[in-house]
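Coordinates in review
The primary structure of each chain is shown beneath.
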Amino acid sequence: MSRRNFQISNQEFERFSRFLEDSCGILLAGHKQYLVQSRLGKIMQDQGCETLTQLVDRLSSPAGMALKEGVIDAMTTNETLWFRDAHPFEILRDKILPERVAENSAGRLRIWSAACSTGQEPYSVSMILDEFKQLHPGLLRGGAEIVATDISSNVLSRAKGGEYEMLAIGRGLSKERLHRFFSDRGDGCWSVNPDIKSRVRFNSLNLLGSYTSLGQFDVVFCRNVLIYFSTERKIEILRKIHKTLKPGGYLLLGASESLSGLNDCYKMIHCRPGIIYQAI
């Protein structure tokens, strides 16, 4: 069987789509059969599955946990870059951090990077914290912690390593920040400096699950992931995120994402450029 050219019936696609949404919230549009074919071909070949039905049957069995993790890894989009869209990180440095530190100058600042992928977002946040400390010596006395989560164990492993090839480094990272916050390994890879890494704690988390173990946060980045969820799941997730935010804490979404029907939880703040949401 070719890795990519197996056939999928509409019934098989619908069954797999239900599995994927129930497992991790990803909503597959009806025209995305090609995505299943391109991403699951190797797994099906390795498992000796001739049809998608056979694969889903194995996923539903008690022994299918490792396979389930591999399928979710394969179907998860991990598109990311450094300082994505730029202005959210400028808003963090120039508006949010001064406000939160002024309200609790001796307390520990906590930031959550949800769906962190291979680590570019939480490490970008950590760099911003360094720049903030340079701009405001003596502030942030209580230190800061960044909790970074993702459902994919594969990308979390890569994120924890903090090592990136030049192709990944070149996506959004300035030369000044590269030389300030990274070390050249000499083999075409660059390593995030220990002081930047030390602020970040990586955990596995399914956004459909419980967040209670994470604690409370001053800021939550949940960017460019909600677009993959149904409206109902999205609202559920945003309400759960609200419960993790400290009073007056901030939520930052992706450029193409917005809130609706949650006026009891958040108020919109225009930053020009950019919109952020404050917990109420």
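For the structure, check the block above.
Cut-offs used in this document
- Residues numbered from 1 in each chain as written.
- Predicted model: local features only at pLDDT ≥ 70, side-chain atom pairs only at ≥ 80, totals over all residues.
- Heavy atoms only, no water.
- Helix = DSSP H or I, 4+ residues; strand = E, 2+ residues; numbered from the N terminus.
- Expected span 1.5 Å × (residues − 1).
- Buried < 20%, exposed > 50% of the residue type's maximum accessible area, 1.4 Å probe, protein only.
- Lys, Arg positive; Asp, Glu negative; His and termini not counted.
- Salt bridge = Lys/Arg side-chain N within 4 Å of Asp/Glu carboxyl O.
- Contact = heavy atoms within 4.5 Å.
- 1 Å grid on protein atoms, 1.4 Å probe; cavity = no way out; pocket = protein on both sides within 12 Å on 5 of 7 lines; lining within 4 Å.
- Points joined across faces, edges and corners; volume = space filled by probe spheres on them.
- Nonpolar A, V, L, I, M, F, W, Y, C, P; charged D, E, K, R; others polar.
- Phe/Tyr/Trp six-rings, centres within 6.5 Å; stacked < 30°, edge-to-face > 60°.
- Lys NZ or Arg CZ within 6 Å of the ring centre and 35° of its normal.
- Core = buried A, V, L, I, M, F, W, Y, C linked by side-chain atoms within 4.5 Å.
- Axes fitted to C-alpha atoms, helices over the stretch in contact; angles between N-to-C directions.
- Parallel < 35°, antiparallel > 145°, perpendicular 65-115°, else oblique.

**Looking at helix H1 (residues 10–24)**
Compared with an ideal rise of 1.5 Å per residue, which puts 15 residues at 21 Å, H1 spans 21 Å between its outermost C-alpha atoms and is within 8% of the ideal. Downstream of H1 by a residue or two, Gly25 has a phi angle that is positive, lying close to 90°.

**Topic: unusual backbone geometry**
Residue Pro273 follows Arg272 across a cis peptide bond; omega there is 5°. Note that Pro273 resides in the loop between strand E9 (266–270) and strand E10 (275–279). Look at Ala86: it is not a glycine, yet its phi comes out positive at around 65°. The phi dihedral of Ser117 falls on the positive side, at around 55°, and the residue is not glycine. Mapped onto the secondary structure, Ser117 falls in the loop between strand E1 (109–114) and helix H6 (120–135). Accessibility expressed as a relative area gives 5% for Ser117, which makes it buried.

**Focus: the side chain of Glu12**
Mapped onto the elements, Glu12 comes out in helix H1. The side chain of Glu12 is buried and forms no salt bridge, while Arg15, the nearest opposite charge, is found at 7.4 Å. Each residue touching Glu12, except ones within four places of it in the same chain, is listed here: Gln7, Thr51, Leu52 and Thr53.

**Some words on the layout of surface pockets**
Any space left empty among the atoms is revealed by the rolling of a water-sized probe across them. Counted as a void, the largest pocket has a volume near 660 Å³. As for the largest pocket, its lining consists of 33 residues, and the residues nearest its centre are Thr76, Thr77, Asn224, Val225 and Tyr228. Only helix H2 (33–47) and strand E2 (144–150) provide two or more residues apiece to the lining of the largest pocket. Residues of the lining of the largest pocket, tallied by class, amount to 18 nonpolar, 8 polar and 7 charged. Within this model, the second largest pocket holds a volume of roughly 300 Å³.

**What to know about the packing of aromatic side chains**
Centre distance and the angle of the planes are the two values used to describe a pair of aromatic rings. Under the counting rule described, the total for this entry stands at 9 aromatic pairs. Plain terms: the ring middles of Phe83 and Phe89 are 5.4 Å apart, the flat faces sit at 70° to each other, and that makes the pair edge-to-face. Taken as a pair, Phe83 and Phe89 share a single burial class, namely buried. Here the aromatic residues Trp82, Tyr123, Tyr164, Phe182 and Phe202 are joined through ring pairs into a cluster of three or more. In this arrangement the basic side chain of Arg177 is found over the ring face of Phe83, its NZ or CZ atom lying 3.8 Å from the centre.

**Details of the nonpolar core**
Counting residues in each nonpolar core, the largest one holds 40 residues, and the members touching the most others are Trp82, Leu92, Ile111, Tyr123, Met127 and Phe182. Once you skip the residues sitting within four places of it in the chain, Met127 turns out to touch Trp82, Phe83, Leu173, Phe181, Phe182 and Ile196. Ranked by size, the runner-up nonpolar core spans 26 residues in total, among them Leu226, Ile241, Leu245 and Ala279.

**Thoughts on the side chain of His242**
Examined against the element boundaries, His242 turns out to sit in helix H11 (residues 231–244). Residue classification places His242 among the buried residues on the basis of a relative accessible area of 18%. What His242 contacts, discounting residues up to four positions off in sequence, is Cys265, Tyr266, Ala279 and Ile280.

**Details of the packing of H1 against H2**
The geometry of a pair of packed helices is captured by two quantities: the angle between their axes and the separation between those axes. One can describe the packing of H1 onto H2 by two numbers: an axis separation of 11 Å at closest approach and a directional angle of 75°. Classified by the angle their axes make, H1 and H2 are roughly perpendicular. Contacts between H1 and H2 involve Asn10, Phe13 and Phe16 on the former and, on the latter, Gln33, Val36 and Leu40. A breakdown of the residues in the contact of H1 with H2 according to their chemical character gives 4 nonpolar, 2 polar and no charged.

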